[in-house]
Amino acid sequence: MKKSTISIIGMTIAVVTIVSTFVKNNDTGTLFGFEMDIWMYRLIWLALFGVILNGYLKERKNS
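1. Brief notes about helix α1 (residues 3-24)
Stage number 1. Over its 22 residues, α1 runs 32 Å from end to end, which matches the ideal 32 Å to within 8%, given 1.5 Å per residue.
Stage number 2. Residues of α1 that are buried: Ser 4, Ser 7, Gly 10, Met 11, Ala 14, Thr 17, Ile 18 and Thr 21. Along the long axis of α1, the arc covered by the buried residues comes to 150°, so they all point the same way. Residues of α1 that are exposed and angled more than 90 degrees away from the buried face: Val 16, Val 23 and Lys 24.
Stage number 3. At its buried positions, α1 is contacted by α2 (38-62).

So, how was this worked out
Residues numbered from 1 in each chain as written. Predicted model: local features only at pLDDT ≥ 70, side-chain atom pairs only at ≥ 80, totals over all residues. Heavy atoms only, no water. Helix = DSSP H or I, 4+ residues; strand = E, 2+ residues; numbered from the N terminus. Expected span 1.5 Å × (residues − 1). Buried < 20%, exposed > 50% of the residue type's maximum accessible area, 1.4 Å probe, protein only. Arc of directions from axis to C-beta. Contact = heavy atoms within 4.5 Å.

As structure tokens, this is what we get:
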């Protein structure tokens, strides 16, 4: 697979995870076995989305 395809898949997973936390209406989220506040969980996934998007845009600009 191309690196850009993997980036798009990663961004899709992040967006689906964030949206699903609003639909399920949980108070906590679990990341690597640690329970945390749902807003911190969403913020971590949003940051992950941002990092992947930044890498994708840089890669697209260079090609």
